[in-house]
Amino acid sequence: MTKAGGTVAGREVEHQMDQRTAPVGERQWHALAAEDALVSLSGDRRGLRDDEAVRRLAEHGPNKLPEGKRRGPLMRLLGQLNNLLIYILIVAALVTALMGHWIDTIVIFAVVVANTVIGFIQEGKAEEALEAIRHMLSPRAAVLRNGVRKTIPGEELVPGDIVLLEAGDRVPADLRLIETRGVRIEEAALTGESVPVEKTIAPVEENALLGDRSSMAFSGTMVTSGSARGLVVATGAGTEIGRISGMLADIGTMTTPLLRQMDIFARYLSGVIVVLALGILAFGYFVRDYPFSEIFVAVVGLTVAAIPEGLPAILTVTLAIGVQGMARRHAVVRKLPAIETLGSVSVICSDKTGTLTRNEMLVASLSVAGDAFALGGTGYAPEGRLTREDVDVDPGHHPAIRELAQAAMLCNDASLSWNDATWAVEGDPMEGALVAAAAKLGLDPDAEREAWQRIDAIPFDSQHRFMATLHRDGEGRQRIFVKGAPERIIEMCGRERTADGGEEAIDAEGWRDRIDEIAGRGQRVLAIAAREESEGADALVFDEVGRGLILLGLVGMIDPPREEAIAAVAECRSAGIKVKMITGDHALTAAAIARQLGLENPGDVITGRDIDGYDQETLRERALHASVFARTSPEHKLRLVEALQAQGLVVAMTGDGVNDAPALKRADIGIAMGRKGSEAAKEAAEMVLLDDNFASLEAAVKAGRTVYDNLRKAVAFLLPINGGESMSLIAALLIGLTLPISPVQILWVNMVSSVVLAMSLAFEPAEPDVMKRPPRRPDERILNAFLVWRIVFVSILFLAGIFGAFYWALEGGNDVETARTMAVNALVVMEIFYLFAVRYLDNPSITLKGVLGTPAVLIVVGAVTALQFLFTYAPLMHFFFDTRPLTLVQGLQVVAIGVAVLIALEIEKMVRSLLAARRASLSSAREGPREA
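Residues numbered from 1 in each chain as written. Predicted model: local features only at pLDDT ≥ 70, side-chain atom pairs only at ≥ 80, totals over all residues. Heavy atoms only, no water.

A. Region of interest: the packing of aromatic side chains. The tally for this structure, following the rule as stated, stands at 13 aromatic pairs. Centre to centre, the rings of Y285 and F286 are 5.0 Å apart; their planes meet at 80 degrees, and the pair counts as edge-to-face. On the accessibility criterion, Y285 (39% relative accessible area) is partly exposed. With a centroid separation of 5.6 Å and 20 degrees between ring planes, the pair formed by F466 and F542 is classed as stacked. Here F542 lies in the loop between β21 (524-533) and β22 (549-558) and F466 lies in strand β17 (residues 466-472), a separation of 76 residues in the sequence. Look at F542 and you get partly exposed, because its relative accessible area is 39%. Feature note: the residues F717, F798 and Y834 constitute an aromatic cluster, connected by ring pairs. (Phe/Tyr/Trp six-rings, centres within 6.5 Å; stacked < 30°, edge-to-face > 60°. Buried < 20%, exposed > 50% of the residue type's maximum accessible area, 1.4 Å probe, protein only. Helix = DSSP H or I, 4+ residues; strand = E, 2+ residues; numbered from the N terminus.)

B. Expanded view of the nonpolar core. Core analysis: the biggest nonpolar cluster contains 84 residues, and F717, L757, F798, Y834, L835, V838 and L905 have the highest contact counts within it. The element best represented in this core is helix α30 (residues 816-838), accounting for 15 residues. Contacts of V838, omitting those with residues within four sequence positions, involve K713, A716, F717 and L761. Core analysis: the second largest hydrophobic core is formed by 48 residues, M326, A338, A568 and L597 among them. (Core = buried A, V, L, I, M, F, W, Y, C linked by side-chain atoms within 4.5 Å. Contact = heavy atoms within 4.5 Å.)

C. Region of the structure containing a nonpolar patch on the surface. A contiguous nonpolar surface patch, about 460 Å² in accessible area, is contributed by V895, V899, I903, I907, V911 and L915. Relative to the assigned elements, V895 resides in helix α34 (residues 888-931). (Patch = residues over 30% accessible without salt bridge, like charges linked within 9 Å, V, L, I, M, F, W, Y side chains within 5 Å. Areas by Shrake-Rupley, 256 points an atom, 1.4 Å probe, with all protein chains shown as cover. Salt bridge = Lys/Arg side-chain N within 4 Å of Asp/Glu carboxyl O.)

D. Molecular detail of the packing of helix α27 (residues 694-735) against α30. Where α27 meets α30, the axes come as close as 10 Å, and the angle between the chain directions of the two elements is 155 degrees. The angle between the axes of α27 and α30 places the two elements in the roughly antiparallel class. Taken as a pair, α27 and α30 cross one another with a handedness that is right-handed. Along its contact with α27, which presents K713, A716, F717, P720, I721 and E725, the element α30 presents L827, E831, Y834, L835 and V838. (Axes fitted to C-alpha atoms, helices over the stretch in contact; angles between N-to-C directions. Parallel < 35°, antiparallel > 145°, perpendicular 65-115°, else oblique. Left-handed = near helix turned anticlockwise from the far one by under 90°.)

E. Looking closely at a negative patch on the surface. Taken together, the side chains of E487, D500, E504, D507, D513 and D516 make up a negatively charged region of the molecular surface. Structurally, E487 is set in helix α18 (residues 486-492). Under the relative-accessibility criterion, E487 is labelled partly exposed at 40%. (Lys, Arg positive; Asp, Glu negative; His and termini not counted. Charge placed at Lys NZ, Arg CZ, Asp CG, Glu CD.)

F. Up close: the pairing of strand β10 (residues 362-368). Burial within β10 is extensive, with seven of its seven residues counted as buried. As judged from the five bridges shared by β10 and β22, these two strands associate in the antiparallel manner. Opposite V363, over in β22, you have M557 as the bridge partner. The pairing of β10 with strand β11 (residues 371-375) spans four bridges and is classified as antiparallel. Looking at β11, one finds that L366 is bridged to F373. (Pairing = 2+ DSSP bridges.)

G. Representation of helix α15 (residues 399-410) in the model. Its 12 residues place the ends of α15 16 Å apart at the C-alpha level, agreeing with the 16 Å of an ideal helix rising 1.5 Å per residue. Of all 12 residues making up α15, 10 are buried, and the element is well covered by its neighbours. Among the residues of α15, A400, I401, E403, L404, A405, Q406, A407, A408, M409 and L410 are the ones counted as buried. (Expected span 1.5 Å × (residues − 1).)

H. Local environment of the sheet that holds strand β25 (residues 628-630). Here eight strands make up an open sheet; going across it, the order is β8-β28-β27-β26-β9-β23-β25-β24 and the pairing mixed. The sheet is open, and its two borders are formed by β8 (331-333) and β24 (605-607), each paired with just one other strand. For this sheet, the mean angle separating the axes of adjacent strands, direction not counted, is 20 degrees. Sheet strands in contact with helix α24 (residues 634-645) are β9 (347-351), β23 (578-582), β25 and β26 (651-655), and its direction is about 165 degrees off that of β26.

I. Here's a closer look at the pairing of strand β14 (residues 415-419). Alignment of β14 against strand β15 (residues 422-426), held across five bridges, turns out to be antiparallel. Across the sheet, L416 pairs through a bridge with V425, a residue of β15. The hairpin turn running from β14 into β15, its antiparallel successor, is two residues long, and D420 in that turn takes a positive phi close to 50 degrees.

J. Local environment of a positive patch on the surface. The grouping of R328, R329, K702 and K772 at the surface amounts to a positive patch. If you trace the backbone, K772 turns up in the loop between α28 (743-760) and α29 (785-811).

K. Representation of the side chain of R514. Mapped onto the elements, R514 comes out in helix α19 (residues 508-520). Buried charge without a salt bridge: R514, with E517 as the nearest opposite-charge side chain at an N-O distance of 6.4 Å. Within the structure, the side chain of R514 is placed 3.1 Å from the backbone oxygen of D371, a separation counted as a polar contact. The residues touching R514, leaving out its near neighbours within four places in the chain, are S367, V368, A369, G370, D371 and L554. (Polar contact = N/O pair within 3.5 Å; in protein donor to acceptor, adjacent residues only side chain to side chain.)

L. Just the environment of E450, in detail. You can see E450 is positioned in helix α17 (residues 445-451). In this structure, the C-alpha to C-alpha distance between E450 and R472, residues 22 residues apart in sequence, is 9.9 Å.

M. Representation of the pattern of salt bridges in the model. As enumerated under the stated definition, the model contains 47 salt bridges in all. Across the pair R562 and E564 runs a salt bridge, and its minimum N-O distance is 3.5 Å. A relative accessible area of 32% means that E564 is categorised as partly exposed. Residues D709 and R773 are paired through a salt bridge, measuring 2.7 Å at the closest nitrogen-oxygen approach. Of this pair, D709 sits in helix α27 while R773 sits in the loop between α28 and α29, and the two are 64 residues apart along the sequence. Accessibility expressed as a relative area gives 8% for D709, which makes it buried. For R773, a relative accessible area of 27% gives the class partly exposed. Linked through salt bridges whose partners overlap, the residues forming this network are E403, R479, R495, R497, E503 and E532.

N. View of the environment of A499. Turning to its location among the elements, A499 is positioned in the loop between β19 (493-497) and β20 (503-505). When the C-alpha positions of A499 and I401 are compared, they lie 8.5 Å apart, and in sequence the two are 98 residues distant. Beyond its immediate chain neighbours, meaning those up to four positions away, A499 contacts A369, P399 and A400.

Now the structure itself:
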């Protein structure tokens with residue numbers, strides 16, 4: 001045994017020597033003893049000499065993050081124009097310019113400019129993510145130089161400096177702590193830990209996760225209490241925050257499913273239009289012997305008819321309306337396409353603290369000898385029910401509970417305040433929860449503190465793990481109250497309080513079982529003790545605090561889940577969206593919250609250490625099935641997002657800290673928290689939740705799906721119109737007939753009625769089943785089989801309507817100009833009736849709700865009708881568009897064509913519905929025997 005022990009000790013010494021001699025950037029500082037860290041950096045507790053600091057500054061460089069290379073404004077602007085739909089718009093503008101229609105040219109170019117400017121501005125904002133991280137570095141630092149305290153610019157810190165930290169300071173570099181006095185540091189921005197972390201100088205395991213490195217203070221974090229001295233071990237890009245900045249700079253921005261599909265759609269459309277136009281030009285010139293100028297003008301008309309000039313504008317407007325709707329749901333969308341991406345999200349990776357939970361500590365359970373109680377309520381409001389096994393209990397009948405609450409409240413530095421119509425805590429959140437609990441149990445904090453004046457206190461320190469206070473009442477009686485880590489308090493107590501107010505020997509093992517049970521529910525446990533003190537004592541003696549202590553009981557605290565988040569998680573699951581919780585908290589806490597939220601497999605918790613041990617294939621499989629990930633680092637979150645994306649899933653990631661920024665940027669849509677989120681997280685994200693509420697995210701997914709539905713309706717509306725126009729021109733050219741509509745009249749329809757009517761579809765409300773269907777596949781094409789069929793079918797109807805109106809007029813003895821006027825009006829009327837049909841792609845449109853439409857539909861129909869009357873009867877329009885006024889009978893004939901189109905579409909919906917029901921019935925019949 002001695003030999004083996006000596007061998008282990010020898011290996012430990014060798015390891016310490018290796019760490020001391022390794023390059024500075026490779027040493028595991030958290031695992032080195034404080035004195036060894038000092039020796040390895042050739043420093044002492046008096047700090048560096050000024051000349052040595054100057055030399056090291058030249059060697060290591062300033063303590064600031066490197067600035068990444070940015071694209072210049074010109075390249076960013078040109079990048080916005082590199083889009084096929086933009087090319088099509090520019091071609092359309094050039095065509096209209098060649099035809100001399102300058103107003104149409106200006107309108108099309110205005111759409112191009114609007115899209116370009118919006119994209120240019122949004123990309124500039126996205127590049128501010130790295131800048132936001134740089135601002136987190138402390139501008140000033142208190143150091144020891146030549147044994148004298150001085151304040152220097154944070155950029156001048158070098159490895160080996162001794163930094164002095166006090167409550168309220170931002171840590172200016174990565175420090176190996178060498179002295180601590182009750183120091184706690186808020187590390188949520190880096191680790192996701194929901195409460196400030198206690199720090200000590202004791203080394204920890206070399207493979208300890210970032211959140212468990214209690215001997216370190218990291219750059220950019222905030223000291224909340226106590227004081228410390230730390231040895232600078234990393235500056236600038238070498239710090240943890242610098243490493244995250246490097247990760248962020250290396251991650252490319254993901255494009256959205258919509259933009260990918262629109263890009264594919266634009267490529268196909270442009271190819272078809274070019275090939276078709278060239279084919280018709282060659283056919284007309286070589287086969288039909290048309291004069292070149294005549295066939296060229298006809299092909300220009302065909303091109304104008306085929307190009308959906310208004311589609312990019314409708315895309316932008318639809319997204320913008322979705323963004324405005326999200327603003328009313330407490331969500332700010334920073335990049336327009338992001339709102340649509342939400343509609344295809346199949347996995348939501350959510351932060352726990354503040355998003356799924358309230359980010360407010362709550363006393364959930366109270367345990368005294370032989371009894372256990374639950375305490376309800378919300379946040380820090382002093383209102384809540386005391387229950388035992390779900391039955392209400394009067395606190396006044398349980399003196400042991402009231403004594404426990406009184407002790408927890410008096411051994412306490414926090415207070416509650418009523419601010420902006422809500423209860424808030426002044427001080428440590430956990431202590432604030434104890435004050436709120438006492439108030440719920442009928443105690444008046446102010447009155448109790450007045451009755452029991454505090455005489456002295458021993459602050460909480462991570463070395464002794466308890467806080468003690470000495471109090472005296474108006475009659476001169478004195479009591480000591482102690483609270484702290486339950487294992488430590490039990491060690492200090494020899495007796496326990498009984499339910500009737502008496503005392504008996506402490507059952508230490510029984511209390512430890514209770515601690516494990518409470519911790520298993522994800523609650524943080526505190527133990528409370530007290531004893532009578534002899535009168536006249538004016539101070540607490542540390543070594544005598546534990547003498548004669550009586551254990552009063554245990555308090556279990558938790559950051560409870562939001563009620564609305566529980567409902568939102570259920571809604572997401574019914575919509576086929578997997579919800580995964582990623583947190584810096586411990587596994588037990590995460591699992592308990594997951595169970596309350598209703599997540600899948602809540603007991604299957606994967607920790608950051610587990611992720612480190614997985615290869616890519618294993619991680620992909622585990623990430624797909626597990627729902628809870630605890631004690632995670634920035635690299636873990638990034639690997640999880642990439643593992644899910646590798647399986648074809650569209651990932652939404654929420655986060656609030658700098659540690660979340662890389663994963664937020666890598667996700668298909670990053671969502672930052674508005675209240676507690678860091679600027680780095682907000683700048684890396686596409687969307688910001690102003691209320692930090694998961695329920696707002698669920699509403700955003702619903703809005704995203706609605707936006708995509710409305711875009712599909714707009715495509716299903718515009719393309720058949722363009723198809724009908726194109727087919728009418730192609731048929732006329734191939735057969736050798738007179739064009740039923742002139743090119744300039746096609747421009748009128750496309751830029752006035754078609755676009756205006758399609759715009760109304762952007763205001764359509766959500767379909768009833770929008771959150772009942774599974775997420776759409778990210779590779780699903782906008783032009784799926786249904787839309788292709790609908791475009792072909794409606795194009796044929798429009799072709800028949802245009803030629804029918806044209807030749808009906810000619811057969812009635814009218815001239816070509818009047819016949820074309822009837823054909824144009826028939827086209828617009830068919831558009832209006834088709835608008836009512838396309839609002840419900842699968843459901844009947846001839847219903848009261850369908851006929852009434854929405855305010856937007858009624859407004860645009862009225863506007864287009866007025867414009868079409870102007871087009872038909874205004875003398876100025878006769879001059880520009882060569883139109884003629886129509887009679888009442890001709891007008892009714894035109895309306896009849898529109899009604900016929902609507903009836904045909906309703907019949908088509910019925911047939912499709914019957915066929916779908918028959919397929920479902922046959923499928924069920926085939927599966928039945930197999931199951932049997």
